[in-house]
Amino acid sequence: RWELIDVSGLDRRLLALLARSKSRPEIVFQWVQNEIVDNIKTGVLTIPPPLLTRAFQELANGMMKYHDAAKLARVPFPLPYTIVVEMLLAIYAVVTPIVMSTWAEHVGWGALFSFVLVFVVWSMHVLALELENPYGLDANDLDMSEIQCELNRHLVAALAHSEETAELIVGADEAVHRLKTQYRQKHGELDIDDVVLTSFSSLGLGLKAHSSLTLPDVYDYGEDVCDDEGTSFAAVQFCEDSTSNGP
């Protein structure tokens, strides 16, 4: 049984219809889309259409992922393939001790090597069968009930704080002062060249700096500097790396 959030708030007639259906995910998917469209008409969802379109796209992606996952549970592994593999493994288990008896000088070593080789190949076969369907109720399957509970916790947390908005409680000058103080404590009077090269070296960008100012004074720097090689922002010029094909 799955944990649901306030399922009693839904129409009992629709819940009974859903319980009798064999396509429950598709029905719920259609309900959600209908609810979004209805709230567009009533003016509840007043966000721009491009942003709202993203919601429909994510819903469609979720349904597509569901059908991809359902293939693992509904489409069985080909039975002829399984039969042939197990027959070959049985032949391997019979032939291996015979070959080992002619190769090993001692009976104990032959028995040990035969057991190890047969055990390894059969273990891999059984492991593949165990991992074939991860959505069952076995000990090694995914705990879908816990995954559902975790999803519900995220949804409840989002609803509980949906009307709260994070605001900056300090002014711009105070924010700049805190940034300068924090950076001085961590890096000291680090040259802006070192700061920029350290920050953007992982992006593969070639950089040139036109200022020797330390980082705490960067916000006072004046006009941007540009030339034919690239575009500069706050006296830091992004140049095309001569050793790469892109910026």
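For clarity, every value in this text was computed on a predicted model and none was experimentally measured.

A.B. asks: Mind laying out the side chain of Asn 152, listing which residues take part and the relevant values?
C.D. replies: One can find Asn 152 in helix 6 (residues 144–160). Classification of Asn 152 as buried rests on a relative accessible area of 5%. Setting aside residues up to four positions removed in sequence, Asn 152 forms contacts with Glu 3, Leu 4 and Ile 5.

A.B. asks: Tell me about the side chain of His 125, and please be specific about residues and values.
C.D. replies: Within the fold, His 125 resides in helix 5 (residues 107–131). In this structure His 125 touches Val 85, Glu 86 and Leu 89, once residues within four positions along its chain are discounted.

A.B. asks: Would you mind going over the pattern of salt bridges in detail, with residue names and values included?
C.D. replies: The final tally for this structure, using the stated rule, is 3 salt bridges. Residue Lys 71 is joined to Asp 68 by a salt bridge in which the shortest nitrogen-to-oxygen separation is 3.8 Å. Within this pair, Lys 71 and its partner Asp 68 are both found in helix 3 (residues 49–74), separated by 3 residues, close to a single helical turn. Its relative accessible area of 37% is what places Asp 68 among the partly exposed residues.

A.B. asks: Mind laying out helix 3, listing which residues take part and the relevant values?
C.D. replies: With 26 residues, helix 3 extends 37 Å between its outermost C-alpha atoms, agreeing within 8% with the 38 Å of an ideal straight helix rising 1.5 Å per residue. On the buried face of helix 3, the contacting elements are helix 2 (24–42).

A.B. asks: Describe the packing of helix 4 (residues 79–103) against helix 5, and please don't skip the residues or the numbers.
C.D. replies: The axes of two packed helices give the description: the angle between them and the distance between them. Orientation of helix 4 relative to helix 5, taken along the N-to-C sense of each, is 165 degrees, at an axis distance of 8 Å. Taken together, helix 4 and helix 5 sit at an angle that is classed as roughly antiparallel. The two elements helix 4 and helix 5 cross, and the hand of that crossing is right-handed. Two secondary-structure elements touch here, helix 4 through Val 85, Glu 86, Leu 89, Ala 90, Tyr 92, Ala 93, Thr 96, Pro 97, Met 100 and Trp 103 and helix 5 through Gly 110, Phe 113, Ser 114, Leu 117, Val 118, Val 121, Trp 122, His 125 and Leu 129. A class-by-class count of the residues in the contact of helix 4 with helix 5 yields 14 nonpolar, 4 polar and 1 charged.

A.B. asks: I'd like a description of the packing of aromatic side chains, backed by residues and values.
C.D. replies: This structure, assessed with the given rule, holds 4 aromatic pairs. Between Trp 103 and Phe 113, the ring centres sit 5.7 Å apart and the planes meet at 55 degrees, which makes this aromatic pair tilted. Here Phe 113 lies in helix 5 and Trp 103 lies in helix 4, a separation of 10 residues in the sequence. On the basis of relative accessible area, Trp 103 is assigned to the exposed category, the value being 57%. Owing to a relative accessible area of 31%, Phe 113 belongs among the partly exposed residues under this scheme.

A.B. asks: Quick rundown of the UniProt feature "transmembrane region" (unreviewed entry) in the protein chain? Include the residues and the values.
C.D. replies: As recorded in UniProt, the feature "transmembrane region" (unreviewed entry) lies at residues 81–103 and 109–129. The annotated region residues 81–103 carries 100% helix and 0% strand content, and the separation between its end C-alpha atoms amounts to 32 Å. Within the segment residues 109–129, helix and strand shares are 100% and 0% respectively, and the terminal C-alpha atoms sit 31 Å apart.

A.B. asks: Could you give an account of the confidence of the model for the protein chain, naming the residues involved and the relevant values?
C.D. replies: Averaged over the protein chain, the pLDDT score is 75; the fraction of residues at 70 or greater is 74%. Averaged pLDDT values over the elements of the protein chain bottom out at 37 in strand 3 (residues 236–239) and peak at 91 in helix 4. Here residues 195–247 is modelled with pLDDT under 50, and outside its nearest four sequence neighbours on either side it reaches 72 contacts, counting other chains as well.

A.B. asks: Can you break down helix 5 residue by residue, with the values?
C.D. replies: For an α-helix, the turn length of 3.6 residues means that residues three or four places apart are oriented alike. Across its 25 residues, helix 5 extends 36 Å between first and last C-alpha, which sits within 8% of the 36 Å expected from 1.5 Å per residue. All of the buried residues in helix 5 are Gly 110, Ser 114, Val 118 and His 125. Against the buried residues of helix 5 lie helix 4.

A.B. asks: Explain the environment of Val 75 residue by residue, including any values.
C.D. replies: Within the element layout of this structure, Val 75 appears in the loop between helix 3 and helix 4. With a relative accessible area of 53%, Val 75 lands in the exposed category. Put simply, Val 75 and Asn 133 are 58 residues apart on the chain and 9.6 Å apart in space, counted from C-alpha to C-alpha.

Calculation criteria
- Residues numbered from 1 in each chain as written.
- Predicted model: local features only at pLDDT ≥ 70, side-chain atom pairs only at ≥ 80, totals over all residues.
- Heavy atoms only, no water.
- Helix = DSSP H or I, 4+ residues; strand = E, 2+ residues; numbered from the N terminus.
- Buried < 20%, exposed > 50% of the residue type's maximum accessible area, 1.4 Å probe, protein only.
- Contact = heavy atoms within 4.5 Å.
- Salt bridge = Lys/Arg side-chain N within 4 Å of Asp/Glu carboxyl O.
- Expected span 1.5 Å × (residues − 1).
- Axes fitted to C-alpha atoms, helices over the stretch in contact; angles between N-to-C directions.
- Parallel < 35°, antiparallel > 145°, perpendicular 65-115°, else oblique.
- Left-handed = near helix turned anticlockwise from the far one by under 90°.
- Nonpolar A, V, L, I, M, F, W, Y, C, P; charged D, E, K, R; others polar.
- Phe/Tyr/Trp six-rings, centres within 6.5 Å; stacked < 30°, edge-to-face > 60°.
- UniProt positions renumbered as here; feature names shortened; annotations may be inferred.
- pLDDT = per-residue confidence, 0-100.

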